[in-house]
Amino acid sequence: MPANLPPQYFDVEKKYREARDLREKLVYLQEMLAIIPKHKGTEKLQADLKTRISKTKDLISKQKKSGGTGGAWYQVEKQGAGQIVMVGLPNSGRSSLLNTLTNAHAEVALYPFTTNLPQVGMMEYEDIKIQIVDTPPLYEESPPWLFGLYRNGDALLIVLDAQSDVSKDYDTLMDAMNARNIFAEDVDSGNKKRAIVVLNKSDSGDQDALKSFAAKCGEDLQVVTVSTESGEGIDGLRNLIFTTLRIIRVYTKKIGHPLEKRDPVVLKIGSTVIEAAEHIHKDFRKNLKFARLWSDSNYQGQRVEKSHVLTDGDVLEFHA
Ligand SMILES: Nc1nc2c(ncn2[C@@H]2O[C@H](COP(=O)(O)OP(=O)(O)O)[C@@H](O)[C@H]2O)c(=O)[nH]1
Ligand SMILES: [Mg+2]
């Protein structure tokens, strides 16, 4: 056992040992993997946790097949170019936001506690779709699966209510997440989750307080002020969701065919020509001779190296 594990690791490990539900155990294992520092000294432990995670997943699917459950548990299978998971207190406007951003029809209510199950919608963004997940409100005693949803998302939308004390609500949310080793950050690594802070209901509330909170919070995180009623800030939020996912769209062109930007493949930012090729067809790993690139910058069909780094909107023609 490496000596330099942070103390939270042992807290989570204790919860893991005490948990009886396999799905709960899985959440803790994933949490443990996220917490441990990533270096040579922990490689064995990382590998061990990964093995336990995959064994637990197997056990869960066997349990499902045999019809056995063990209480309610919710997870949302990823669809589209990325999954954005909302975090918020009751009444902050998560369901309204889901309905504004997507084709979903979640129930919106004057009273809190409407959303007790995750609800999903797909947000159309230019030529791709991004999955948005509306969640039950966050409390300290929220069920473990809610934290599992946060951890599995590609990024979080932290939704605050401008009619309330945004600064206090923000701290409440962060404390509850931090207690479960989820930290909102601009980068995504280990137990840090990329996040956007959404100040909703900007059509009302104390405008000066909103501005000063946005300025302070904006030093660490992306902050947008929106109103699902007036539509203010919604387009900006859509763009920010796309950039926060750190993905690019790459199009393919067949040899001898005209250039058409349709049905992009979605790749991580920083992906190269060979990675795009392998994503489209495994055989390209061996067979790809070269590729030609059309790009908004200055490529109009020039040959590019396999290691060439792609940008959003690039068009590739593969030569095998
Ligand atoms: N003034 C105003 N009210 C809003 C806005 N967005 C949502 N609401 C109201 O806030 C209440 C809670 O909204 P809902 O989406 O159900 O919140 P949830 O509990 O976080 O899902 C409802 O009465 C909504 O009509 C907004 O942008 N401006
Ligand atoms: Mg709701």
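Residues numbered from 1 in each chain as written. Chains lettered and ligands numbered in written order. Predicted model: local features only at pLDDT ≥ 70, side-chain atom pairs only at ≥ 80, totals over all residues. Heavy atoms only, no water.

Asker: Mind laying out the overall build of the protein chain, listing which residues take part and the relevant values?
Answerer: Summing up its helical and strand segments, the protein chain has 10 helices and 12 strands in all. For the C-alpha atoms alone, the extent of the protein chain along its principal axes is close to 60 × 55 × 40 Å. Classification of the 320 residues of the protein chain by burial places 49% in the buried group. Taking the average location of the 43 positive side-chain charges in the protein chain and that of its 44 negative ones, the two points are 10 Å from each other. (Helix = DSSP H or I, 4+ residues; strand = E, 2+ residues; numbered from the N terminus. Buried < 20%, exposed > 50% of the residue type's maximum accessible area, 1.4 Å probe, protein only. Lys, Arg positive; Asp, Glu negative; His and termini not counted. Charge placed at Lys NZ, Arg CZ, Asp CG, Glu CD.)

Asker: Can you break down the site of ligand 1 residue by residue, with the values?
Answerer: Around ligand 1, 18 residues are found, and the nearest of them are Gly 93, Arg 94, Ser 96, Asp 203 and Thr 228. Contacts to ligand 1 include Ser 92, whose backbone N or O atom sits 3.2 Å from an oxygen atom. For ligand 1, a nitrogen atom lies 3.3 Å from a polar atom in the side chain of Asn 200. Considering ligand 1 on its own, with 580 Å² of exposed area, one finds that the protein chains cover 90% of that surface. Tallying contributions element by element places helix α4 (residues 94–101) first for the shell around ligand 1, with three residues. In terms of residue class, the shell around ligand 1 is built from three nonpolar, 11 polar and four charged. (Near = heavy atom within 4 Å. Polar contact = N/O pair within 3.5 Å; in protein donor to acceptor, adjacent residues only side chain to side chain. Areas by Shrake-Rupley, 256 points an atom, 1.4 Å probe, with all protein chains shown as cover. Nonpolar A, V, L, I, M, F, W, Y, C, P; charged D, E, K, R; others polar.)

Asker: An account of the domain arrangement of the protein chain is needed here, citing residue identities and associated values.
Answerer: Domain boundaries in the protein chain define domain 1 (7–65), domain 2 (83–245) and domain 3 (247–319). One C-alpha centre belongs to domain 1, the other to domain 3; they are set 37 Å apart. (Domains from an automatic or database assignment.)

Asker: Explain unusual backbone geometry to me, using residue names and the numbers behind them.
Answerer: A positive phi is found at Asn 181, a non-glycine position, where the angle reads about 65°. Among the structural elements, Asn 181 can be located in the loop between α6 (166–179) and β5 (183–185). Backbone geometry places Asp 263, a non-glycine residue, at a positive phi of 45°. The exposure class of Asp 263 is exposed, given its relative accessible area of 67%.

Asker: Explain helix α5 (residues 144–152) residue by residue, including any values.
Answerer: Across the nine residues that make up α5, a large majority, eight, are buried. Within α5 the residues assigned to the buried category are Pro 144, Trp 145, Leu 146, Phe 147, Gly 148, Leu 149, Tyr 150 and Arg 151. On the buried face of α5, the contacting elements are α2 (22–35), β1 (83–88), β4 (155–161), α6 and β6 (192–200). (Contact = heavy atoms within 4.5 Å.)

Asker: Which residues make up the sheet that holds strand β11 (residues 300–304), and what are the values?
Answerer: On the basis of which strands lie adjacent, the open sheet formed by five strands has the order β9-β8-β12-β10-β11 and mixed pairing. With one partner strand each, in any of the chains shown, β9 (265–268) and β11 form the two edges of the open sheet. If you compare each strand with its neighbour and ignore which way they point, the axes differ by 35° on average. Of the strand pairs in this sheet, strand β10 (residues 290–294) and strand β12 (residues 314–319) are connected by five bridges, and their pairing is antiparallel. Along β12, the bridge assignment pairs Ala 291 with Phe 318. Here helix α9 (residues 273–280) sits on the sheet and contacts β8 (247–252), β9, β10, β11 and β12; the angle it forms with β12, its principal contact strand, is near 70°. (Pairing = 2+ DSSP bridges. Axes fitted to C-alpha atoms, helices over the stretch in contact; angles between N-to-C directions.)

Asker: So what about the pairing of strand β7 (residues 222–225)? Which residues, and what values?
Answerer: Pairing geometry for β6 and β7, over four bridges, is parallel. Bridge assignment links Leu 199 to a residue of β7, and that residue is Thr 225. Crossover handedness for the path β6 to helix α7 (residues 207–217) to β7: right-handed. (Right-handed = clockwise from strand over helix to strand, strands pointing away.)

Asker: So, the environment of Ala 106: which residues are in play, and what are the values?
Answerer: Within the fold, Ala 106 resides in the loop between α4 and β2 (119–125). Taking the C-alpha atoms as reference points, Ala 106 and Ser 96, separated by 10 residues in sequence, lie 7.4 Å from one another. Those residues in contact with Ala 106 that sit more than four places away from it in its chain are Ser 95, Leu 98, Asn 99, Gln 119 and Asp 134.

Asker: So what about the side chain of Arg 180? Which residues, and what values?
Answerer: You can see Arg 180 is positioned in the loop between α6 and β5. Here Arg 180 is in contact with Lys 15, Val 27, Tyr 28, Glu 31, Pro 144, Phe 147 and Arg 151, once residues within four sequence places are set aside.

Asker: Which residues make up α9, and what are the values?
Answerer: Two residues of an α-helix separated by three or four positions point the same way, owing to the 3.6 residues in each turn. Three or more residues of α9 are buried, namely Val 273, Ile 274, Ala 276 and Ala 277. Mapping the buried residues of α9 onto a view down its axis gives an arc of 160°, with all of them on the same face. Looking at the buried side of α9, the elements it contacts are β9, α10 (284–287), β10, β11 and β12. (Arc of directions from axis to C-beta.)

Asker: How would you explain the packing of α2 against α5 if you had to name every residue and give the values?
Answerer: The N-to-C vectors of α2 and α5 enclose an angle of 45°; their axes lie 9 Å apart at closest approach. When the interaxial angle is binned, α2 and α5 end up oblique. For the crossing formed where α2 meets α5, the hand is left-handed. Of α5, the residues touching α2 (which contributes Glu 24, Val 27, Tyr 28, Gln 30, Glu 31 and Ala 34) are Pro 144, Gly 148, Arg 151 and Asn 152. Among the residues making up the contact of α2 with α5, the classes are represented as four nonpolar, three polar and three charged. (Parallel < 35°, antiparallel > 145°, perpendicular 65-115°, else oblique. Left-handed = near helix turned anticlockwise from the far one by under 90°.)

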